[in-house]
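Next come the chains, spelled out residue by residue.
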Amino acid sequence: MDPEAGSVTRESRLKFYKATLCLAYQSFGVVYGDLSSSPLYVYKSTFSGRLRLHEEDDEILGVLSLVFWTLTLIPLCKYIIFVLGADDNGEGGTFALYSLLCRRAKLGLLSASDASDDDISAYNSGLPRKETVASSILKEFFDKYHSSRIVLLLLVLLGTSMVIGDGILTPSMSVLSAVNGIRIKVPSLHENYTVFIAGVILVGLFALQHFGTRNVGYLFAPILLAWLFCISVIGVYNTIYWNPHVVSALSPYYVYNFFKKAGKDGWSSLGGIVLCITGAEAMFADLGHFSQLSIRIAFTVIVYPCLVLAYMGEAAYLSKHKEDLQKSFYKAIPEVVFWPVFIIATLATMVGSQAIISGTFSVISQCRALKCFPRVKVVHTSNHIHGQIYIPEVNWILMVLCLAVLVGYRDTDTIGNAYGLAVITVMLVTTCLMFLVIVMVWKRNILGALAFVIVFGSVELLYFSACLAKVHKGGWFPLVLSLILLSTMCIWHYGTLKKQAYELNNRVCLDMLLSMGTNLGINRVPGIGLIYSNVATGVPPMFAHFVTNFPAFHRILVFVTVQSLTVPKVPANQRFVISRIGPPEFCLFQCVVRYGYKDQRNDTHDFENHLIETVSEFLRNGNNDGEAFRWETTNQQQSSPSDDVTASSFENVVSSESSKKTVRFRGVGCSKELEDLREARESGLAYMMGSTCVLACDTSSYLKKFAINIVYGFLRQNCRHPAIALGVPHTSLIEVGMVYRV
């Protein structure tokens, strides 16, 4: 064995372990804060309703047993073991599952208007699994009933809306619960003061977000580790000191006994018990910030045992102090360490809020990239972990809504009712999507998928029914909010698809453009023109509109189409797909620029350089013999002398075969074209894009007119301008105004 090779292997292994442990450490400051701060309010919320009429040992131990088994079944078994394994090449969350189904099972609507991503080699490395009977039946069903795809998209958008709602309720709930601890020592303190203090903490939390997940994680991780240490030690102390027999409540018998004694009141209390798993979804939603292994290590080794000990200690205290059920957490803290624990608890709730805020940024970024959310600014805060992002507009809107919830509700019990409904709805959506992933992506036996749904779905449905019964007690908020967000995302997606369909249906064929050039006497001016549109093949209608009104354009024209694919990242060497439009002497090119929904968009200067370099490589790979040429996106070439070249129409531009692009064109002198490209680059570069007004047709229904003319028009006017989103410099931009009647 080569000793140097062994040394390199050991070094790479150590580097991997070090990076994993580092990510696991950071995850405490980002992922687990919400889950770890739930002991602040679980028992209080559980015993706030009719269960306060059953303040006996059987009920207290039954609640502990329910909390233990809920923590074991949902976060540990469902998410850590199963759901984390359904990542989309390292990305997690509801939209990542949907992206996986779009790409691997062809179930989506989103890819209908986009280029195929089948040739992205990074996502086709695994061996295809053999179709099962169940996967074939399901695929046939989705193919036959187009409405089923719409329902699937609506389900995903509902889950996404609830995640955003969770991002509003979590900070309000956790911070207010922590600050209310002051009133244990100062009972005369008015609630206005605690609300004000909680508001100041929330403003500070959202002000920290621009530093990025990495820095916030390093800052918050020690706080959360100190918090977990405190609650676990206090839990052990309370268990030993007050009632060691609570350990027996880990038996599922106590769950049965709880419902036997409490009956319907026990079912109603599930709306409070479900709060013990708030933040479990963040483990999956924040997966892109870290890695599967780091999240699994952190949860199983530290978080899970510490939480079990904390709940056990609190139950032991309550079994001897039933009068403290409404303020049990702070009452269970020994007097000597009360204030240090209170300070750590307040800081820990900031960490808890960070988990869902990061998850909200992730899902909104995915929605935006896949044309289901208006354009917003996405800032990548890490050069190493591409999923670590910050969205300024969303951050400040979340802050305002959090403060509104805080001031409007003021009561943690009412916020808890809304909070629980949002959390359990997201989990139900994830369970439904996991069923499709298991059958149609993993190609597993349908019995295994059904077992997954029955075991976890039945538990979640039980909690969901209890939360739904409290809609009138605050649970209406996530429903109203999700309805608004769902409508916004649907209308944006619908309007975007209609706009793209108009451009595709009204694109100009090459012969018409050439005849226009003869009739109008079009002049070619020095320089390169980049024409941005959604048309991947052909000439966009806005360019024809421009030429008829101003018959001149640049010596070299590149029609650029930016497409977001249902993959997390597109490798840099497969980013650009270049083809030629018409005869070589016209110097017209088509460039499709492909991004994944987690890709960081380069700045304008880098984009220009990469684009022109790719066009140069395209020309350099040509030949003068008029033979067909196969150009791979990995910049490898091979000649195929068997085909003739005729390229004078769009049918000859690009044909896909596996991961290769076949480009056919008439040969011209490569050096001359390269020289023309160099001279045009030196002459300057200009950008052109449409400034469109999308309106519904006069014959359209009132509902469509309202959606397109009012809602979609308002969103387009108030979101980021396409030129800003693409990084196009304002001084070099030409905008062509058009009205689209869709």
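Quick look at the structure, then. (Residues numbered from 1 in each chain as written. Predicted model: local features only at pLDDT ≥ 70, side-chain atom pairs only at ≥ 80, totals over all residues. Heavy atoms only, no water.)

1. Some words on the overall build of the chain
Okay, step 1: Looking only at helices and strands, one finds 27 helices and 12 strands in the chain.
Okay, step 2: Each of the 742 residues in the chain was classed as buried or not, and the buried ones make up 56%.
Okay, step 3: If you sum the accessible surface of the chain, you get close to 30200 Å²; carbon and sulfur atoms cover 61% of it. (Helix = DSSP H or I, 4+ residues; strand = E, 2+ residues; numbered from the N terminus. Buried < 20%, exposed > 50% of the residue type's maximum accessible area, 1.4 Å probe, protein only. Areas by Shrake-Rupley, 256 points an atom, 1.4 Å probe, with all protein chains shown as cover.)

2. Section: helix α15 (residues 292-318)
Okay, step 1: Between its first and last C-alpha atoms α15 spans 37 Å; for 27 residues at 1.5 Å apiece the expected length is 39 Å, and the two agree.
Okay, step 2: When the local axis directions of α15 are compared, the greatest deviation, roughly 40°, occurs at F299. (Expected span 1.5 Å × (residues − 1). Bend = angle between axes of the 7 residues up to and from the residue.)

3. Let's talk about the side chain of T496
Okay, step 1: Within the element layout of this structure, T496 appears in helix α21 (residues 476-505).
Okay, step 2: Side-chain polar atoms of T496 contact the backbone oxygen of W492, separated by 2.7 Å.
Okay, step 3: In contact with T496, not counting residues within four places along its chain, are K371 and Y712. (Polar contact = N/O pair within 3.5 Å; in protein donor to acceptor, adjacent residues only side chain to side chain. Contact = heavy atoms within 4.5 Å.)

4. Section: the pairing of strand β3 (residues 523-532)
A regular strand places its side chains on the two faces of the sheet in alternate fashion.
Okay, step 1: Summarising the sheet, β3 and strand β4 (residues 552-565) pair through eight bridges and their orientation is parallel. From the neighbouring strand, R524 faces β4, where its bridge partner is F553. (Pairing = 2+ DSSP bridges.)

5. Here's the deal with the layout of surface pockets
Okay, step 1: Size it by volume and the largest pocket reaches roughly 1200 Å³.
Okay, step 2: In this structure, the largest pocket is lined by 49 residues; those nearest its centre are R375, H721, P722, A725 and L726.
Okay, step 3: Broken down by secondary-structure element, the contributors of at least two residues to the lining of the largest pocket are α17 (338-369), β1 (379-380), α21, β4, β11 (685-695), α26 (702-718), α27 (722-725) and β12 (733-741).
Okay, step 4: By residue number, the principal contributor to the lining of the largest pocket is β11, which donates seven residues.
Okay, step 5: Its residues placed into classes, the lining of the largest pocket shows 21 nonpolar, 16 polar and 12 charged. (1 Å grid on protein atoms, 1.4 Å probe; cavity = no way out; pocket = protein on both sides within 12 Å on 5 of 7 lines; lining within 4 Å. Points joined across faces, edges and corners; volume = space filled by probe spheres on them. Nonpolar A, V, L, I, M, F, W, Y, C, P; charged D, E, K, R; others polar.)

6. Considerations on the state of the cysteines
Okay, step 1: Using the criterion set out here, one finds zero disulfides in the structure.
Okay, step 2: Not part of a disulfide, C102 finds its nearest cysteine sulfur in C372, a span of 9.2 Å.
Okay, step 3: The buried category is assigned to C102, whose relative accessible area is 3%. (Disulfide = S-S within 2.5 Å.)

7. Some words on unusual backbone geometry
Okay, step 1: One non-glycine residue with positive phi stands out, namely R410, at about 65°.
Okay, step 2: On the secondary structure map, R410 appears in the loop between α18 (392-409) and α19 (412-441).

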